[in-house]
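# Observations on chain architecture
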Amino acid sequence: MFSTSMSWHDLGFVLQGAGVTLAVTFWAILLGTVLGMLFGLIRAVSPWWIAAPLGVVLDVPRSVPLLIQLVIINSFKSIIGVNASPFVVSCVVLGIYASAYCSEIVRGGILAVPTTTRRAARSLGMTYWQDLKEIVFPMALRVMLPSWIGLTLGVMKDTALVLWIGIIELLRASQIIVTRIQEPLFVLTVAGLIYFAMSFPIARLGAWLEKRWQEND
Amino acid sequence: MIEIQDIHKSFGSLEVLKGVSLNVEKGEVVSVIGGSGSGKSTMLMCINGLEKIQRGRILVDGTDVHARNTDLNKLRRKIGIVFQQWNAFPHLTVLENVMLAPRKVLGRSRQDAEAVAVQRLTDVGLAEKLKVYPSKLSGGQQQRMAIARALAMEPDYMLFDEVTSALDPQLVGEVLDTLRMLSSKGMTMIVVTHEIAFAREVSDRVAFFHQGRIHEIGSPEHVIGNPQQPETIAFLKSVL
Ligand SMILES: Nc1ncnc2c1ncn2[C@@H]1O[C@H](COP(=O)(O)OP(=O)(O)OP(=O)(O)O)[C@@H](O)[C@H]1O
Ligand SMILES: [Mg+2]
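This write-up is about the structure you can find in this document.

### Section: the site of ligand 1
All names here are of chain B. Every residue lining ligand 1 is accounted for by Phe-11, Leu-14, Val-16, Gly-35, Ser-36, Gly-37, Ser-38, Gly-39, Lys-40, Ser-41, Thr-42 and Glu-162. Lys-40 places a side-chain nitrogen or oxygen 2.8 Å from an oxygen atom of ligand 1. For ligand 1, whose accessible area on its own is 640 Å², the fraction buried by protein is 61%. Elements supplying a minimum of two residues to the shell around ligand 1: strand E2 (14-24) and helix H1 (40-47). Tallied by class, the residues present in the shell around ligand 1 amount to three nonpolar, seven polar and two charged.

### Here we look at unusual backbone geometry
Residues and elements named next belong to chain B. Non-glycine residue Asp-61 carries a positive phi angle of around 50°. By the element assignment, Asp-61 lies in the loop between strand E4 (55-60) and strand E5 (63-64). With a phi close to 45°, Glu-162 is a non-glycine residue in the positive phi region. With respect to the element layout, Glu-162 can be found in the loop between strand E7 (157-161) and helix H6 (169-184). Among the residues examined, Glu-162 registers a relative accessible area of 10% and is labelled buried.

### Focus on the interface of chain B and chain A
Each side of the interface is counted separately: chain B has 25 residues, and chain A has 20 residues. Interface of chain B and chain A: buried area, both sides summed, is about 2100 Å²; carbon and sulfur atoms make up 60% of it. Our count for the chain B to chain A interface comes out at two salt bridges. As a salt-bridge pair, Lys104(B) and Glu134(A) come within 3.6 Å of each other at their nearest N and O atoms. Connecting chain B to chain A are five residue pairs in polar contact (both at pLDDT 80 or more). When residues of the side of chain B that touches chain A are traced back to their parent elements, those giving at least two are helix H2 (72-76), strand E6 (79-82), helix H3 (94-104) and helix H5 (139-151) of chain B.

### Looking at the packing of H5(B) against H6(B)
All names here are of chain B. One way to put it is that H5 packs onto H6 with a least axis distance of 8 Å and a crossing angle of 20°. Taken together, H5 and H6 sit at an angle that is classed as roughly parallel. In this structure, H5 meets H6 at a crossing whose hand is right-handed. Taking contact as the criterion, the partners of Gly-139, Gly-140, Gln-141, Gln-143, Arg-144, Ile-147 and Leu-151 in H5 are, on H6, Leu-171, Glu-174, Val-175, Thr-178, Leu-179 and Leu-182. Partitioning the contact of H5 with H6 into residue classes produces six nonpolar, five polar and two charged.

### Quick look at the side chain of Ser90(A)
Residue and element names in this part refer to chain A. Mapped onto the secondary structure, Ser-90 falls in helix H4 (residues 86-111). With a relative accessible area of 0%, Ser-90 lands in the buried category. Each residue touching Ser-90, except ones within four places of it in the same chain, is listed here: Val-24, Leu-70, Gly-95, Val-162, Ile-165 and Ile-167.

### Here we look at the nonpolar core
Ile2(B), Ile4(B), Ile7(B), Met43(B), Ile47(B), Phe89(B) and Ile190(B) are the most contacted members of the largest nonpolar core, which totals 72 residues. Considering each element in turn, this core owes the most residues, ten residues, to H4(A). Not counting residues within four places of it along the chain, the set of residues in contact with Ile47(B) comprises Ile2(B), Ile4(B), Ile58(B), Val60(B), Val65(B), Ile79(B), Leu159(B) and Ile190(B). Counting residues in each nonpolar core, the second largest holds 22 residues, with Val82(B), Ile147(B), Leu182(B) and Phe198(B) among its members.

Quick notes on the rules
- Counting of residues starts from 1 at the beginning of each chain's written sequence and follows it residue by residue.
- Starting at A for chains and at 1 for ligands, labels are handed out in the order in which the entities are written.
- Where totals are concerned, whole chains, interfaces and linings use all residues; where local detail is concerned, this predicted model gives features only for residues with pLDDT of at least 70, and gives and counts side-chain atom pairs only at 80 or more.
- To get the side-chain values, all heavy atoms of the structure are used, and hydrogens and water are removed first.
- When at least one non-hydrogen atom of a residue lies within 4 Å of a molecule or strand, that residue is treated as near it.
- Two N or O atoms form a polar contact when they lie within 3.5 Å of each other; inside protein one atom must be a possible hydrogen donor and the other a possible acceptor, and for residues adjacent in sequence the pair counts only when both atoms belong to side chains.
- We get accessible surface area from the Shrake-Rupley algorithm with a probe of 1.4 Å; when it comes to residues, only the shown protein chains can shield them.
- We count a stretch as a helix when DSSP gives it H or I for four or more residues in a row; a strand needs E for two or more, and each element gets its number in order from the N terminus.
- Ten residues, namely Ala, Val, Leu, Ile, Met, Phe, Trp, Tyr, Cys and Pro, are considered nonpolar, four, namely Asp, Glu, Lys and Arg, are considered charged, and the remaining ones, Gly among them, are considered polar.
- Relative accessibility thresholds used throughout: buried, under 20% of the residue-type maximum; exposed, over 50%; partly exposed, between the two (1.4 Å probe, protein chains only).
- The contact definition used throughout considers only heavy atoms, calling two residues in contact when any of these lie within 4.5 Å.
- We define buried area as the total accessible area lost by two parts upon association, computed with a 1.4 Å probe and summed across both.
- Any carboxyl oxygen of Asp or Glu that lies within 4 Å of a side-chain nitrogen of Lys or Arg is treated as forming a salt bridge with it.
- Here an angle of 0 to 180 degrees is reported between the N-to-C directions of two axes, which are lines fitted to C-alpha atoms, with helices fitted over the stretch in contact.
- What sets the label is the angle itself: under 35 degrees gives roughly parallel, over 145 gives roughly antiparallel, 65 to 115 gives roughly perpendicular, and the rest give oblique.
- Each crossing is labelled by how the near helix is turned from the far one, with a counterclockwise turn of less than a right angle marking it left-handed and a clockwise turn marking it right-handed.
- Here, the term nonpolar core denotes a set of buried Ala, Val, Leu, Ile, Met, Phe, Trp, Tyr and Cys residues that are joined through side-chain atoms within 4.5 Å.

Here it is, written out as structure tokens:
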């Protein structure tokens, strides 16, 4: 018979960590999506001398390892005297990281809308912005959704790195229990299952939306 | 009335229109025929300002299309255009496709826009397909929807750019019937087409495009029935 010294209280502690993971993921994806939409739109529709430099700037958060970004920004904030908690730093750093990827997704989605469709919209008398809002965005959304879901799931896993600046999220909470009860296999299995339980609904929601849209177009 | 006066248009170093002039009177149907790359589509897109021109001018009811102070979005309301690719908005139902511009551009109420859209879709034989998404329609049906969508703006002019070229042969007839119906209602139209027999039947005048110029123009009996220019004769021989 299987037995463990992990108590209900320990499980509660791990679940609390899971709550932190979800919170960081939520804020990072919210910030990343809002900024990513904006950056992606700018990159898709503006002249090269705006689009190209912005692309280079956004390459920074994509190419520097997230861990380094977290540690640097976390130390930097005390140097410039900004009083932000590690939680806020985590959300902002992950948010900007996500926005760089999201801008790529948004740009690709917008550029995937055929010019002929946009010309049809404009020749009906729609303005530039009406075309974007009524035609380009809804069409681009369908292209963007699978990659955006992928990004969200990726960010959720990347949140594990924020333990390095002292946040007790799901992985860190599990480590703490492992250190005490010395049952790494069992505790990490529990943690893995919790990650899965959090990702699964998001993945299913994405698949469901995709299927619904595919029935139409 | 549409007045095209000596327009020149280049894409980079490629001169596509080399001085085209054409007047289309109210109620007139002008067909445009000619070889691939002769500039037919480009001319249509210059008429509603989708493409700029380098020289000459185009007047629509006296308004200079390419003048700096012309409100193109407003001008386009009275010029419907239907392209070779049917260009449905795939995320909207057939009814919503047709209602969108009247609502957003003309500011019509939902009820008004819907009433007009249903009417236009009925005219083109799509009354049964209102709630369907465009992907569920055949090419011919999508093309008729695109025509209804342009007509719902109640334009004074309709421009057609090879609207049957991408269709299977058995679907061509239904779209041509729609154009026939429009011409019988007195719509002013410029019809770029490869359907020579159709051009002969519905047009008041036929213009033959060749290398960026109108090479020959006149009544269908003249241009199609008894062409004078060797290029026109050669072209007609190649398509008939
Ligand atoms: N956006 C563009 N950029 C560069 N070249 C273009 C562009 N659009 C058209 N062209 C060129 O201009 C020429 C005329 O094109 P256009 O589409 O007007 O011909 P067309 O008479 O409509 O031919 P088709 O019967 O094949 O439709 C072609 O050589 C084409 O390659
Ligand atoms: Mg063409």
